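# Coordinate analysis (summary)
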Amino acid sequence: MLTHLRPAITLTLGFTVLTGLAYPLAITGAAQALFPAQANGSFVEKDGAVVGSALIAQAFTGAGYLHPRPSASDYGATPSGASNLGPTNAALIASVAERRAAYRAENGVDAPIDAVTASASGLDPDISPENAAAQAARIATARNADPAAVQALIAQHTQAPLLGLYGDPVVNVLQSNLALDASFPLPK
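Predicted, not measured: the structure shown is a model, and the values here were computed from it.

Its place among the elements puts A145 in the loop between α4 (129–143) and α5 (147–156). Once the C-alpha coordinates of A145 and I9 are considered, the two residues, 136 residues apart in sequence, prove to be 70 Å apart. Residue contacts for A145: discarding those within four places in its chain leaves A140, V150 and F184.

Below you can see the structure in the form of structure tokens.
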């Protein structure tokens, strides 16, 4: 019986070490060597301090900032999560209506779809160029800036689809807000 168990135990231990320790360490080492910024979370720094990640949304609520997509988790204690509400759910319909009314009150225009529907993961760092442009007048007013200059800054931070084919144009909220702070500081 031991002659049958010994190979099974040896293979189990060997593959556990190989696939559970050696392979992950090799991949981690390769990622750190080849793509250190991405492997460590794509952190964005300002004045030597980490202010966020280029890959994960942060909650911006001030009038002088672009606001990200809504999150079902509200960027609170749970960093991500979906509501799991279907399109005919009364609670989802009510929350979209609330968001639409709040967006209109805040920005004075109708809300683009990505301004009222929550991100599937709650972590989407980008918004549509239409959503960003609709917020430009509010941002310009809060920063005492020319609305055309704010629109131009947003246009500069609009990223085209991958290879011009895949996806839609997007605006990274964190990068744009950092550029707004640099170009049009908030009045004190």
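The next thing to look at is the nonpolar core. Counting 20 residues, the largest nonpolar core has L66, V150 and I154 as the members making the most contacts within it. At the level of secondary structure, the elements contributing two or more residues to this core comprise α4, α5 and α6 (173–183). Sorting elements by how many residues they give to this core places α6 first, with five residues. Apart from residues no more than four positions distant in its own chain, L66 is found in contact with F60, I127, A132, Q135, I139, I154, V171, V173, S176, N177 and L180. Counting residues in hydrophobic clusters, the runner-up holds six residues, among them V96, Y103, A115 and V116.

Let us look at the side chain of R138. When you line up the elements, R138 lands in helix α4. In this structure R138 is buried but unpaired, with E106 as the nearest side chain of opposite charge at 4.2 Å. Not counting residues within four places of it along the chain, the set of residues in contact with R138 comprises G62, A63, G64, Y65, H67, E106 and N107.

Moving on to the pattern of salt bridges. Two side chains carrying opposite charge are able to pair once their charged atoms lie near each other. Counted by the stated rule, this structure contains four salt bridges. One connected set of salt bridges, linked through shared partners, spans K46, R143 and D181.

Turning our attention to the sheet that holds strand β5 (residues 170–172). Strand pairs in the sheet, formed through backbone hydrogen bonds, run parallel or antiparallel to each other. With antiparallel pairing, the three strands of this open sheet are ordered in space as β3-β5-β4. Each edge of the sheet is formed by a strand with only one pairing partner; in this case those strands are β3 (126–127) and β4 (158–159). Note: β4 against β5, two bridges, orientation antiparallel. Note that in β5 the partner of Q159 across the bridge is V170.

Below, the discussion takes up helix α3 (residues 90–107). For α3, built from 18 residues, the straight-helix expectation of 26 Å at 1.5 Å per residue is met to within 8% by its first-to-last C-alpha distance of 26 Å. Three or more residues of α3 are buried, namely V96, Y103 and N107. All buried residues of α3 fall inside an arc of 30° around its axis, so they share one side. Across α3 from its buried face, at more than 90 degrees, point the exposed residues A90, E98 and A105. Residues of α3 that are buried make contact with α4. One side-chain oxygen of the residue at the start of α3 lies 2.7 Å from the amide nitrogen of A91, identifying that residue as N89.

So, how was this worked out
Every chain is numbered on its own, with residues counted from 1 as its sequence reads. Whole-chain, interface and lining totals are the exception, using all residues; otherwise, since this is a predicted model, local features are given only for residues with pLDDT of at least 70 and side-chain atom pairs are given and counted only at 80 or more. The side-chain figures draw on all heavy atoms in the structure; neither hydrogens nor water molecules are used. Think of it this way: any DSSP run of H or I at least four residues long counts as a helix, any run of E at least two long counts as a strand, and we number them from the N terminus. Contacts between residues were defined by any pair of non-hydrogen atoms, one from each residue, lying within 4.5 Å. The nonpolar core is taken to be a set of buried Ala, Val, Leu, Ile, Met, Phe, Trp, Tyr and Cys residues, with the residues joined through side-chain atoms within 4.5 Å. For every residue, the accessible area obtained with a 1.4 Å probe (protein chains only) is divided by the maximum for its type, and the residue is called buried under 20%, exposed over 50%, and partly exposed between those limits. Residues counted as positive are Lys and Arg, residues counted as negative are Asp and Glu, and His and the chain ends are not counted. Each reported salt bridge corresponds to a side-chain nitrogen of Lys or Arg within 4 Å of a carboxyl oxygen of Asp or Glu. Two strands form a pair only when DSSP identifies at least two bridges running between them. The span one expects for a helix is its residue count, reduced by one, times 1.5 Å. The arc under discussion is defined with respect to the helix axis, by the directions toward the C-beta atoms. A 3.5 Å cut-off defines polar contacts: any pair of N or O atoms within that distance qualifies, except that in protein one atom must be a possible hydrogen donor and the other a possible acceptor, and neighbouring residues in sequence count only when both atoms are side-chain atoms.

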